[in-house]
Structures are given as structure tokens and as C-alpha cells.
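# Coordinates in review
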2 protein chains.
Amino acid sequence: MSTENKGRRVTAADVAKSLGISRATVGFVLNKTRGQTISEATRKRVINEAARLGYRPHTAAQALARGRSRIILLVLPDWPLEYSMRRHIAEASGFLEEAGYSLVTYTIHETSRPLWESLDPDVVIGLLPFSEEEVESIRASGITNIVPVPDAHTPAWQTGPSIVAGPELQVEHLVERGHRKIAFAAPGDNRLRSFGEARRNIVTNKALELGLGEVDCRQIDRQDDSPQVAVREWVNAGVTGVVAFNDEIAAVVTSAALRQGLAVPGDLAVIGHDDDPWGEILVPALSTIRMDVEGLGRLLALTALNAVDGRDVPQGEPNAVATLVRRAST
Amino acid sequence: MSTENKGRRVTAADVAKSLGISRATVGFVLNKTRGQTISEATRKRVINEAARLGYRPHTAAQALARGRSRIILLVLPDWPLEYSMRRHIAEASGFLEEAGYSLVTYTIHETSRPLWESLDPDVVIGLLPFSEEEVESIRASGITNIVPVPDAHTPAWQTGPSIVAGPELQVEHLVERGHRKIAFAAPGDNRLRSFGEARRNIVTNKALELGLGEVDCRQIDRQDDSPQVAVREWVNAGVTGVVAFNDEIAAVVTSAALRQGLAVPGDLAVIGHDDDPWGEILVPALSTIRMDVEGLGRLLALTALNAVDGRDVPQGEPNAVATLVRRAST
DNA sequence: AGGGGGTACTAGCTCGCGCAAGGTACGATT
DNA sequence: AATCGTACCTTGCGCGAGCTAGTACCCCCT
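Conventions and cut-offs
Residues numbered from 1 in each chain as written. Chains lettered and ligands numbered in written order. Predicted model: local features only at pLDDT ≥ 70, side-chain atom pairs only at ≥ 80, totals over all residues. Heavy atoms only, no water. Near = heavy atom within 4 Å. Polar contact = N/O pair within 3.5 Å; in protein donor to acceptor, adjacent residues only side chain to side chain. Helix = DSSP H or I, 4+ residues; strand = E, 2+ residues; numbered from the N terminus. Nonpolar A, V, L, I, M, F, W, Y, C, P; charged D, E, K, R; others polar. Axes fitted to C-alpha atoms, helices over the stretch in contact; angles between N-to-C directions. Parallel < 35°, antiparallel > 145°, perpendicular 65-115°, else oblique. Left-handed = near helix turned anticlockwise from the far one by under 90°. Contact = heavy atoms within 4.5 Å. Buried < 20%, exposed > 50% of the residue type's maximum accessible area, 1.4 Å probe, protein only. Pairing = 2+ DSSP bridges. Phe/Tyr/Trp six-rings, centres within 6.5 Å; stacked < 30°, edge-to-face > 60°. Lys NZ or Arg CZ within 6 Å of the ring centre and 35° of its normal. Arc of directions from axis to C-beta. Core = buried A, V, L, I, M, F, W, Y, C linked by side-chain atoms within 4.5 Å. Buried area = accessible area lost by both parts, 1.4 Å probe. Salt bridge = Lys/Arg side-chain N within 4 Å of Asp/Glu carboxyl O.

Bringing the protein's contact with DNA strand C into the picture now. Around DNA strand C, the surrounding shell holds 26 residues, and the nearest of these are A:Ala12, A:Arg23, A:Tyr55, B:Thr25 and B:Ser39. Of everything in DNA strand C that lies within 4 Å of the protein, sugar and phosphate atoms constitute 55%. Between A:Asn31 and DNA strand C, the recorded distance is 3.0 Å, taken from a side-chain N or O atom to a phosphate oxygen. Among the elements of the structure, α2 (23-31) and α4 (59-66) of chain A together with α2 (23-31) and α4 (59-66) of chain B are those that each provide at least two residues to the surface near DNA strand C. Taken together, the residues of the surface near DNA strand C sort by class into 13 nonpolar, ten polar and three charged.

As a further point, take the protein's contact with DNA strand D. Surrounding DNA strand D, one finds 28 residues, the nearest of these being A:Thr25, A:Thr42, B:Ala12, B:Arg23 and B:Tyr55. Near the protein, within 4 Å, the atoms of DNA strand D are sugar or phosphate in 56% of cases. In this structure, a phosphate oxygen belonging to DNA strand D sits 2.7 Å away from a side-chain N or O atom of A:Thr25. Between DNA strand D and B:His58 there is a distance of 3.2 Å, counted from a phosphate oxygen to a backbone nitrogen or oxygen.

Moving on: the packing of α4(A) against α4(B). Packing of α4(A) against α4(B) leaves a shortest axis separation of 8 Å and a crossing angle of 135°. One way to sum up the angle between α4(A) and α4(B) is to call them oblique. Our pair here, α4(A) against α4(B), has a crossing hand that is left-handed. Where α4(A) approaches α4(B), its residues A:Ala60, A:Ala61, A:Ala63 and A:Leu64 are matched on the opposing element by B:Ala60, B:Ala61, B:Ala63 and B:Leu64. Residues that form the contact of α4(A) with α4(B) fall into these classes: eight nonpolar, no polar and no charged.

All names here are of chain A. Mapping threonine 42 onto the fold places it in helix α3 (residues 40-53). A relative accessible area of 18% means that threonine 42 is categorised as buried. When residues no more than four places from it in sequence are discounted, the contact partners of threonine 42 are Ile21 and Thr25.

For B:Glu280, the location among the structural elements is in helix α13 (residues 277-281). Classification of B:Glu280 as partly exposed rests on a relative accessible area of 40%. Sequence-wise, B:Glu280 and B:Arg327 are 47 residues apart; in three dimensions their C-alpha atoms are separated by 8.1 Å. Each residue touching B:Glu280, except ones within four places of it in the same chain, is listed here: A:Arg222, A:Arg259, B:Ala285 and B:Arg327. There is a polar contact of 3.4 Å between the side chain of B:Glu280 and the side chain of A:Arg222.

Attention now moves to the sheet that holds strand β1 (residues 71-76) of chain A. Strand pairing in a sheet takes place through backbone hydrogen bonds and is either antiparallel or parallel in direction. All names here are of chain A. In spatial order, the strands read β2-β1-β3-β4; together these four strands make up an open sheet with parallel pairing. The open sheet has two edge strands, β2 (102-107) and β4 (146-147), and neither has a second partner. Here β1 pairs with β2 via six bridges, running parallel. The residue of β2 that forms the bridge with isoleucine 71 is serine 102.

Quick look at the packing of aromatic side chains now. Residue and element names in this part refer to chain A. Going through the model one piece at a time under the given rule, you end up with three aromatic pairs over all chains. Ring geometry for tyrosine 106 and tryptophan 116: centres 6.1 Å apart, planes at 90°, overall edge-to-face. You can see tyrosine 106 sitting in strand β2 and its partner tryptophan 116 sitting in helix α6 (residues 115-119), a full ten residues away along the chain. Under the relative-accessibility criterion, tyrosine 106 is labelled buried at 5%. Exposure remark for tryptophan 116: the relative accessible area of 2% places this residue in the buried category. Against the face of tyrosine 101 rests arginine 70, its NZ or CZ located 5.2 Å from the ring centre.

Our next topic: helix α11 (residues 226-236) of chain B. All names here are of chain B. Taken together, the buried positions of α11 are Ser226, Pro227, Ala230, Val231 and Trp234. The arc enclosing the buried residues of α11, seen along the axis, measures out at 125°, which places them on a common side. Buried-residue contacts for α11 involve β5 (182-187), β6 (216-220), β7 (241-244) and α12 (247-259). Once α11 finishes, glycine 238 follows within two positions and takes phi at roughly 90°, a positive value.

Here we come to the nonpolar core. If you look at the biggest cluster of nonpolar residues, it comprises 88 residues, and the most contacted ones within it are A:Ile182, A:Trp234, A:Val253, B:Trp234 and B:Val253. Not counting chain neighbours up to four residues away, the residues in contact with A:Trp234 comprise A:Ala183, A:Phe184, A:Ala185, A:Asp216, A:Arg218, A:Ile220, A:Val239, A:Val242 and A:Val253.

Moving on to the interface of chain A and chain B. Taken residue by residue, the interface counts 51 residues in chain A and 50 residues in chain B. Together, the buried faces of chain A and chain B total about 4,300 Å²; carbon and sulfur atoms form 58% of this surface. Scanning the region where chain A abuts chain B turns up six salt bridges. Where chain A packs against chain B, one counts 16 residue pairs in polar contact (both at pLDDT 80 or more). Elements with a contribution of two residues or more to the side of chain A that touches chain B: α4, α5 (83-98), β2, α6, α12 (247-259) and α13 (277-281) of chain A. Considered class by class, the residues forming the side of chain A that touches chain B number 24 nonpolar, twelve polar and 15 charged.

Encoded structure:
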């Protein structure tokens, strides 16, 4: 299947010439183009000859001709993916493939130009919401299909049950454990700023709703002394429970508390978010929130397809969106 | 930069028309084409106008015209990537970008069509050797640049001194801290088996060389009671220092020790590998090995670039390969 | 005045494919 | 006999950019 033309790639024109028919016909057959009638005999001849010659459509040419790359870029968070998550991505990938799309996964790193600029995907879809800078950057590459959609007024991901549930569970859990004065540990990292704000608001509202006092919110940066300062002042102010933005922040806070000779959860209880595998290793093991990544992932795949068609985000929410993982830190 | 043409993408022709010059000139300027003389004035005008209009070259069109996608596909193993590996990849990605290439990472899953068929990369490069079926499949997609080449030698980054240095440093450090009876904590995960074996051998050899006793090697699996068992038996056997495969394993061991009421490093010292950021957060903070990620990433990138040019795998080794990070756990 | 040799560009073909619009042959209908 | 309809296929343009082979102009030298 390869010894014929010395190295040059087989094109649709080669298939056509070899059969003595026009290139368009080959295209129609291979694309199952609707609105074209092709005799069964020709159909078979084309398909066989294409296979015999080892014809593969040239992706770039297709993308150029139809104006779509048929690539969907899935942006992953920068932490190790659990097994179930990876499996789900594989599933989503297969699902999308049947629709003629390729799923490319991507982890953002600051060192290099984001992949959406060079890959020209039809959709960029994030497992986590994008920061404003990221949205800006994606838009600037001429990509209009971004999921989750950054709606100007009420961002869906800031109000959607799937996102709200986590922080609310964190607060409820602390209250259930008897804490009445709680604090929020926000990420110092600028890229997580807007995401942090969102979660803080949810926590604040929930605290209000449950009749708790003011929620003392502080930014935690592992690089400086902010963890130490925050812990000291929290304890002085009578805070006994800390809701952390994620597991890493929770770990940093816990760490700072332990180094000050405080007991966790005795003097200060800490709950994280995301169920990072590291959280289980820590002493004390970190209580946290596990998101229904699989459900979310499936939803995202569907959303991606709909986004390509210009349709809206599907309505179905994953059912079990967030669950509490009780461990030693609370 | 966007309000001019309603939605349509800006092409090089737009830039040219807007300046009243030919499209070719725009191309020459933007590609810094050698062998073409362009006046400095025109150069600047083109560059400014391109920026003003928000011009982005159409990747697919470029790929079609020059016959190269400028995509390098890095095939990853199907297991959670250690922190250091993710950094290598980020590093390589940045390096390749400067050369005008995009690095796309990919984990093979059986459920879907392999990405090399639809992405048309210039090179497919694997962290692990490919199976024969895989090589066959890649070849069938018309891709000739495959690394590691089926029957060439193993890539340098899999055997070179860069890999040996880390484990040796771990052992040396423990000895320096006065430990004479050490153990090795291997990953339980089957997929890391061969890596674990490799590092264990290095540790064993180094221990022999330094005149230490037998190295007690045990597999650690976070999911079962192997950490507890290992720690107990190690301590009973008089082991005082543990060399861990990576920081995660080190953390798990530390954790198990603490939970048994042992002091770290008092009763058992533990040293990790890879300098995962989580290691610094732990109490006690984890001593570890920091790899020269920049060098390794560069090597990976160079290998890929050379493959594009049809050249062979480079021989050069990264120079400063591994350094010891002293923290509280030893 | 007629080259010769730069410099600074432009015209136009090419890549492989999708797809709209246009044939053509042949039997059926008026 | 002329027209129509349909099944089947072809011609040819366009996608956006790379790049070769010019061309027009100017300066300098004999």
C-alpha cells in the first residue's frame, strides 16, 4: 500500500486519476456528501482504491477548505489527573471522534505560548473556569467558542449548582462540627483571582444564611509569610474553622498552624477543595470536597459539540456534583 | 483591533490591501524570509498594521502551503505524571516554541483513533518506546519521524547520568547525615515498575559502593497498608533512613511513620525525589532532589527538532543534572 | 548611451480539499 | 420530434499562505 509513489503522500487526486474519474467524485464518496447521487459501483470502487493506495485526507487542507479544524481543545488543571478522570477524558475523546472531532488535551504553562493560538481549535473548553486573562487571550486568537462561557453579568460557572455546591458544603461541614466563627483562605496567585472571588462570595453568602459572623478572608501565598500571619490573626480573632480555596491552600494553612504549635483540628480546623491526592497523604489528612469530575467531563464533551453547532449549553446538570470527604483535618 | 471586519478573520491579504502593497511582501516581512530585501520603512509599516488589525496567520493554510504542521506530538504513558515530568514538558514546550513548533501532549487510549492520524504532526516522540502496532499505525499515517526509533538506542534521557545522579545523591545525603542502614521505597503502581527498578538498582549499587548493608526495598501503595507495614518492619530491622522513589512515596512513608508515633527524622529520615511543591508544604518539609528540568526539557526538545531535520538524536547531556534540597525530613 | 548590478518590491503558481454550479446521457412524457 | 427529468458525474473556484520567477527603478561605470 505504500511502495507506489516514492514517499509523496497520496491525495484524493491520485485516487481519482488511478480510477479515471474526477477528484470531486472521490470527495463526494469519501465525505458521504449529501445531495449527491453516486452509483453504488463507483462508490465501492472509490472506497477500495482509496484503501488500496492508503489515502489519508490531508488535515490541514480540509481545515483550510471548510474553515474548521475539527479540533476541540480541552484545557486541564495543572495537577495530576486521577485515574477516573483520565478514563473519562478517553471516553469523551471517543465520543467526539464519532462526531468527527479530535480532542486535544492541554495543560497551561506560563513558559510558552498557549496552544490555542497555534492549534486553531473550533472550541476551547476548560475543566475549570478560565481567568479573565485567559479568556482575553483565547478571544484574541479568533476563537469564539469558549466553554465555560464567560458571561458578562452572571457567569454560569459562578452560580451553577455544580460550582456553588462545593463551597457551601465546606461551610456546612464546619458548622456541623460546631464552628461558628470561620475564615476563608484565598489563593494569592493572580491567575486564580476571579475564581477565588467567586468561591469567597459563595462562602460569605452561605455563612450569612446560616447566621454566622463575618467571614475573615485572607490571601495565602506560600512564598511569603502570609500563611503565618493569617493563622495568627485568625486565632487571635477567635476563628476556629478555615474554608480553603483548594487543597493546596488548605495544606499551607495547616502547615503554618502546626508550625506555630497549634493543633489541627483542635485549635483550627481546615477544609480544602478538589480532593487532590496529596490531601490524603498529609498528617492530619485533609477533609475536602470531591467534585463529580466524570459527570462534569461528560457534560463538557456534549457542551463542546453543541458549541460548535452554535447551539447553547445543554441543560442537564451532573447529578451528584460535589461530595464531602471527611478526614482528620476537621 | 477588531471592529473593522465584522467577524471575518484577518488575513495577510487584508494587511496588504490596507497598506496598498502586495500580499507577498507582507508574507516576507512576517516570516523574515531570507534572501529578500525589504526596506526598514515597509517592514515597520507591515508589522504595525498586522498588529493593529490583529492579524494571526491561519495555521491550516500555513501547514498546507509548506507541507509541515509544525506540530510535535509527545506521547505520554498512561499514568499520572510526576511533577518533575510535567515541568520537563513545559520546559520543552517553551523551547520548541522558540523554534516555531508547538508541542502537543497525548495519552493513548484504546477507545479512540490515535491523535497522530488527525493531527498530522511532523514528529511523534514517545517518552517510552512504542509497541510495534503503534509504530505501524504511525507509519501508516504517513509520519516518518518517530522517536525513539524502533531499533535505535534508547534515548539519552532514559539512561544517561542525568537519571543516575539523583538516586546517588539521595544515598550520599543519608550517609552524610549518619545513616548506615537504609531502605528504598518503590512505587506500588505497576506502570512505574520499570522506573522503580532502575532507581532501585542505582541506589543498591551506590550503597554497596559506600559499604552500607543490604538495602531493604519495599513497594509502597497508598491504597493499602503497605506503608504501615514497611515502616514497622524497617524500624524493627534497624533502618534509619529511607530513600523514596519520588516525593509522593516519601510523603506516604513519612505519613505512615508519623501515624505510628515515630519522629521524622529522629526515628526515621526520609528523602524524596523531584522537588514536588507539595513537599515543601509538609510538616516536616521534605528533603528531596531537584532535577535539572531545564536541561532535560531542552534535551527532549532538541531531540524532536533534530528529528524534523532528519538528523539523529543529539549526544549532548545536560550538565547540572541534579541537586540536593535539604529540608527537615532528614 | 548602454550596460551591470543592486534594492525593493509584485504577479502568480502551488499545496489538497470542499463544494456550488454546470454538463451529459438516456429514458419518459407531451 | 421536441422537451423534460433524473441519475451520474465533471469543471472550476476558493480557502490563506509560501515561495519562485520575474519587474521596475535607481545608481554607477565605462
